[in-house]
Amino acid sequence: MADAIADTRRLYTKPQNLNDAYGPPSNFLEIDVSNPETVGVGRGRYTTYEVRLKTNLPIFKLKESSVRRRYSDFEWLRAELERESKVVVPPLPGKALFRQLPFRGDDGIFDDSFIEERRQGLEQFLNKVAGHPLAQNERCLHMFLQEEIVDKNYTPSKIRQA
């Protein structure tokens, strides 16, 4: 055993050129949750968020998409992923039940600071979920990110790469 010598030779690496260093990454997935809009009045009032996707991953049929989603859509996605996939699904930002109580001094769940805090939490949630290789195969995720209307009566299935 004392005669064993550690191999300290360097691995050969291909020299990097400017295109490699500053060109587009080989695989990327960018998801932004932005532009919150509150619509409706009274008890029918809710906030929607723009979900923008940019990717070059071959599993996604559209390389760029933009859809509007409300919090309940995120809850649906989380429930579907928990039910159908083997992925440990991260939590969503909370429901903020106390903010929904009447006679508050602020706008409750429609307060700008709360909407921004929730937007950040939803963006983190989506990036964690969509970045998981197993979740990327779930039809519900593709529908959520790329289809204008979420068909909540869809048949759960896996996406096959083209």
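Residues numbered from 1 in each chain as written. Predicted model: local features only at pLDDT ≥ 70, side-chain atom pairs only at ≥ 80, totals over all residues. Heavy atoms only, no water.

The protein goes by Sorting nexin-3 in an unreviewed UniProt entry, where it is assigned to Cyprinodon variegatus.

1. A word on the environment of Lys54
Secondary-structure assignment places Lys54 in strand S2 (residues 46–55). Residues Lys54 and Asp32 lie 22 residues apart in sequence; the distance between their C-alpha atoms is 8.9 Å. Aside from chain neighbours lying at most four places away, what touches Lys54 is Phe28, Leu29, Glu30, Lys63 and Glu64. (Helix = DSSP H or I, 4+ residues; strand = E, 2+ residues; numbered from the N terminus. Contact = heavy atoms within 4.5 Å.)

2. Focus on the pairing of strand S3 (residues 64–70)
Alternating residues of S3 divide into Ser65, Val67 and Arg69, all buried, and Glu64, Ser66, Arg68 and Arg70, none buried. Pairing of S2 with S3 involves seven bridges; the strand directions are antiparallel. Bridge pairing in S3 places Tyr49 opposite Arg69. (Buried < 20%, exposed > 50% of the residue type's maximum accessible area, 1.4 Å probe, protein only. Pairing = 2+ DSSP bridges.)

3. Quick word on helix H2 (residues 71–84)
With 14 residues, H2 should cover 20 Å at 1.5 Å per step; its first-to-last C-alpha distance of 20 Å lies within 8% of that length. Check the buried side of H2 and you find it contacts strand S1 (29–39), S2, S3, helix H3 (112–130) and helix H4 (139–146). (Expected span 1.5 Å × (residues − 1).)

4. A look at the packing of aromatic side chains
Counting across every chain of the model gives two aromatic pairs. Taking the centre distance of 5.0 Å and the plane angle of 70° together, the rings of Phe74 and Phe144 count as edge-to-face. One end of the pair, Phe74, is in helix H2; the other, Phe144, is in helix H4, with 70 residues separating them in the sequence. In this structure, Phe74 and Phe144 share a single accessibility class: buried. Measuring from centroid to centroid gives 5.7 Å for Trp76 and Tyr154, while their planes differ by 70°, and the two rings are edge-to-face. Separated by 78 residues along the polypeptide, Trp76 in helix H2 and Tyr154 in the segment after H4 bring together distant segments of the chain. Accessibility assignment for this pair places Trp76 and Tyr154 in one class, buried. (Phe/Tyr/Trp six-rings, centres within 6.5 Å; stacked < 30°, edge-to-face > 60°.)

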